[in-house]
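Observations on the three-dimensional arrangement
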Amino acid sequence: MKDLSLRQVIAARVELYRTIRSYFEESDLEESDVLEVEIPLLGHAGTTDPQINSFEVTGQNEARYLQSSPEFLLKRLLVEIRQSCFCITKAFRDEEHGRIHNPEFSMLEWYRVDFDLDAIIEDSLALIQKCLGRRESVCRETYRSLFQKHLNIDPHGVELEHLQLLVEQHTSYREQCLSTSEALQLLLSMVIEPKLKGLTVIRDFPLDQAALAKAGTDELGQEVAFRFEIYFEQMELANGYYELVDALEQRQRFEQDNQVRQKMGRSTLQIDESLLQAMERGLPDCSGVSIGLDRLLMAKLEQRNIDSVLLFPWPKV
Amino acid sequence: MATYSTNEFKSGLKVMLDGDPCAIVENEFVKPGKGQAFSRVRLKNLKTGRQWERTFKSGESIEAADVVDVEMQYLYTDGEFWAFMDPDTFDQKSADANAVAEARQWLREQDVCVVTLWNDAPLSVLPPNHVELDIVDTDPGLRGDTAQGGTKPATLSTGAVVKVPLFLEIGDVVKVDTRSGEYLSRAKD
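This write-up is about the structure you can find in this document. Residue positions within a chain follow its written sequence, with the count starting from 1. Labels follow written order: the first chain is A, the first ligand is 1, and so on. Totals for whole chains, interfaces and linings use every residue, but because this is a predicted model, local features are given only for residues with pLDDT of at least 70 and side-chain atom pairs only at 80 or more, for both listing and counting. Computation of side-chain values covers all heavy atoms of the structure but excludes hydrogens and water.

Attention shifts here to the overall build of chain A. Each helix is a run of H or I in the DSSP string that is no shorter than four residues. Each strand is a run of E no shorter than two, and both are numbered from the N terminus. Broken down by element type, chain A carries nine helices and twelve strands. Computation of the radius of gyration draws on C-alpha atoms alone. For the globule rule, the value is 2.2 Å times the number of residues to the power 0.38. Radius of gyration (C-alpha) of chain A: 19 Å, near the 20 Å computed for a compact globule of 317 residues. Relative accessibility decides the category of a residue: with a 1.4 Å probe and only protein chains considered, values under 20% of the type maximum give buried, values over 50% give exposed, and everything between is partly exposed. For chain A, buried positions account for 57% of its 317 residues. Between two residues, a contact is recorded if the distance between any of their heavy atoms is within 4.5 Å. Sequence-distant contacts in chain A: of pairs separated by 6 or more residues, those separated by 24 or more amount to 68%. To measure how exposed things are, a 1.4 Å probe is used in the Shrake-Rupley method; for residues, cover is taken only from the protein chains shown. With the model as given, the accessible surface of chain A reaches about 14,900 Å², and the carbon-plus-sulfur share is 46%. Positive charges come from Lys and Arg alone, negative charges from Asp and Glu alone, with His and the N- and C-terminal ends not counted. Just so you know, the charge point we use is NZ for Lys, CZ for Arg, CG for Asp and CD for Glu. A gap of 6 Å separates the mean positions of the 35 positive and 54 negative side-chain charges of chain A.

The following block contains the structure:
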């Protein structure tokens, strides 16, 4: 690992953003341009995602939320412009701080109209390869194939008891309070991730990890979420969906989120009615991805700690 | 009973784990994708010195350990216990052989040590970094060899054996680094 000077970090980020913009300018995947857009950071709604905590800010005599992702605002925009677009922005998540997490971070998010999951995965890989400036090996997995390969289980049908046994065998977690989905997540991050090399695509997630992805069936007839992630070595770089466009189902998922939050003892949030209204008018058939840009910079510069690519890491701001 | 939640974890924090007092050495934040966050923690068992790894789900909490470091003066030993006194309160504590451990060979009466107390009882003892002790036994000095910097073993008043320069004799006082067990210099009387 190289030690970087402040100037090298500044220059690398400038080059990264230039590469991203030129990727979308030169992109011949579509007839029309991919528009660069800017969205507000302070939204009137926070995310209901049970695993994400938004920063709440008071101003103009009302509560606003620093956006944990530009997703809701970009989708409302998509309903209006019906054209592929991208934005480079800041995102904020409270209580996420560590070697590869900073509570304030940079994000690239883009949407491609008429792209399905396969198309958006290839698009994402092409962009990442171009940004890294080198060819990395690409390993394509499904959530199932990855767990079969490393733990010899089918994550879609496995019993919680068996998962608890694996957790005890392979990790240092000793309590008995994991749900099936939490146990799978723990095994993924502590057993499987350390073995990943180059770029790894993981697709077709269990339905309870769908977030905002469309549901469908895989080649074995299993109901899965059309969601994918791309890892560089052991670090998650990208998360994307073949987007859910059904407003009613979206409302049910938000309500479910709030129920989970309540069970976890977290505050519930107002559902983003503006997003649902826009979706009722019709979100175009599309896929979207977000990439953590600080992490992409870490991958490009071969750094292990997010602080090395930030000019002002969280504790020093 | 005080507890610490995962978001309060940081190195140095003293907690109870499986009935033993531990200090957090390192806390790694682990969060897969959009999923559940975990804290992967490395801990040092303060009784045995062994390091453990344990993982907690974010939001889980563990019991705090009542562990404090106090500067205390070493008084005496009866061979089974070692007595220490707080110079401000005159409060006395006795430490057993497990607590004193390796420190015993550096303990000189009146010296001030750091005694780690768990529930008010000594858990471990840290001697001063530098101590001055008498040589009680060593081979007679071989004159003329000093230039080559040769050394010989010498037994000190506390029972510790250190390598000292050849010219030193029984009755000399030497300054020793307790962390490395190395001779530093001849003490000025």
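Right, picking up where we left off after that structure.
Within an α-helix, residues lying three or four positions from one another point in the same direction, as the helix has 3.6 residues per turn. Residues and elements named next belong to chain A. Take the residue count of a helix, subtract one, and multiply by 1.5 Å to get its expected span. Over its 17 residues, helix α7 (residues 247–263) extends 25 Å from the first C-alpha to the last, a length consistent with the 24 Å expected when each residue adds 1.5 Å. Taken as a whole, α7 has its buried residues at A247, Q250, R253, F254, D257, N258 and R261. Each buried residue of α7 sits inside an arc of 140 degrees when the element is viewed along its axis, so together they form one side. Facing away from the buried side of α7 by more than 90 degrees, the exposed set consists of L248, Q259, Q262 and K263. Once α7 finishes, G265 follows within two positions and takes phi at roughly 80 degrees, a positive value. By construction, the arc corresponds to the directions joining the helix axis to the C-beta atoms.

Time to look at the sheet that holds strand β4 (residues 38–45) of chain B. The strands that make up a sheet pair up through hydrogen bonds in the backbone, lying either parallel or antiparallel. Strand order in this open sheet of four strands is β2-β3-β4-β5 (chain B), and the pairing throughout is antiparallel. Edge positions in the sheet fall to β2 (14–17) and β5 (51–57) of chain B, since each of these pairs with one other strand and no more. Each adjacent strand pair in this sheet contributes to an overall mean axis angle of 45 degrees, direction not counted. Strands in contact with helix α6 (residues 180–192) of chain A are β3 (20–30), β4 and β5 of chain B; relative to β5(B), the strand with the most contacts, it is inclined by about 140 degrees. Strands are labelled as partners when DSSP assigns at least two bridges between them. Axis definition: a line fit to C-alpha positions, over the contact stretch in the case of helices; interaxial angles, taken between N-to-C directions, run 0 to 180 degrees.

Contacts between chain B and chain A engage 18 residues on the former and 28 residues on the latter. Accessible area that two parts lose when put together, evaluated with a 1.4 Å probe and summed over both, is termed the buried area. The junction of chain B with chain A conceals about 2,000 Å² of combined surface from both sides, 53% of it contributed by carbon and sulfur atoms. Ranking the residues of chain B by area buried against chain A places F29(B), K31(B) and K34(B) at the top, with a combined share of 34%. Throughout this description, the term salt bridge denotes a Lys or Arg side-chain nitrogen within 4 Å of a carboxyl oxygen of Asp or Glu. Viewed at the interface, chain A and chain B are joined by three salt bridges.

Take the nonpolar core next. All names here are of chain A. Note on terminology: a nonpolar core comprises buried Ala, Val, Leu, Ile, Met, Phe, Trp, Tyr and Cys residues joined through side-chain atoms within 4.5 Å. Among the nonpolar cores identified, the biggest contains 50 residues, and F147, L163, L187 and L188 are the most heavily contacted of them. The element best represented in this core is α6, accounting for eight residues. Contacts of L187, omitting those with residues within four sequence positions, involve F147, L151, L163, L166, V167, T171 and I192. By size, the runner-up hydrophobic cluster in this structure holds 43 residues, among which are L117, L127, C131 and L296.

Attention now goes to the packing of helix α2 (residues 71–81) of chain A against helix α8 (residues 273–282) of chain A. Residue and element names in this part refer to chain A. For the pair α2 and α8, interaxial distance at closest approach is 9 Å and the crossing angle is 30 degrees. Considering the angle they form, α2 stands roughly parallel to α8. For the element pair α2 and α8, the recorded crossing hand is left-handed. Where α2 abuts α8, its residues F72, K75, R76, V79 and E80 lie against S274, L275, A278, R281 and G282. In the scheme used here, Gly and all other residues not listed as nonpolar or charged are polar, with Ala, Val, Leu, Ile, Met, Phe, Trp, Tyr, Cys and Pro taken as nonpolar and Asp, Glu, Lys and Arg as charged. Within the contact of α2 with α8, the residues separate by chemical class into four nonpolar, two polar and four charged. Oblique is the label for any angle not under 35 degrees, not over 145, and not in the 65 to 115 range, which are roughly parallel, roughly antiparallel and roughly perpendicular in turn. Left-handed describes a crossing whose near helix is turned anticlockwise from the far helix by less than a right angle; the clockwise case is right-handed.

What follows covers the sheet that holds strand β15 (residues 173–177) of chain B. Residues and elements named next belong to chain B. The strand order across the open sheet formed by five strands is β14-β13-β12-β15-β16, and the pairing between neighbours is antiparallel. Strands with a single pairing partner mark the edges of an open sheet, and in this sheet they are β14 (161–165) and β16 (182–186). Direction aside, the axes of adjacent strands within the sheet are offset by 55 degrees on average. When β15 meets β16, the two strands line up antiparallel, connected through four bridges.

Bringing empty space enclosed by the protein into the picture now. Residues and elements named next belong to chain A. In the cavity and pocket records, a cavity denotes points on a 1 Å grid over the protein atoms alone where a 1.4 Å probe fits but cannot get out, a pocket denotes an open set with protein on both sides within 12 Å along at least 5 of 7 lines, and lining residues are residues with an atom within 4 Å of a point. Grid points are joined across faces, edges and corners, and a volume is the space filled by probe spheres set on the points. Per the stated rule, a full pass over the model turns up three cavities of 30 Å³ or more. Put simply, the largest cavity is a space of about 410 Å³. Among the secondary structure elements, those contributing two or more residues to the lining of the largest cavity are β6 (104–113), β11 (235–242), β12 (286–292) and α9 (293–301). The greatest single-element share of the lining of the largest cavity, amounting to six residues, is contributed by β11. Its residues placed into classes, the lining of the largest cavity shows twelve nonpolar, ten polar and ten charged. Considering only enclosed or pocket space, the second largest cavity measures out at about 60 Å³ in volume.

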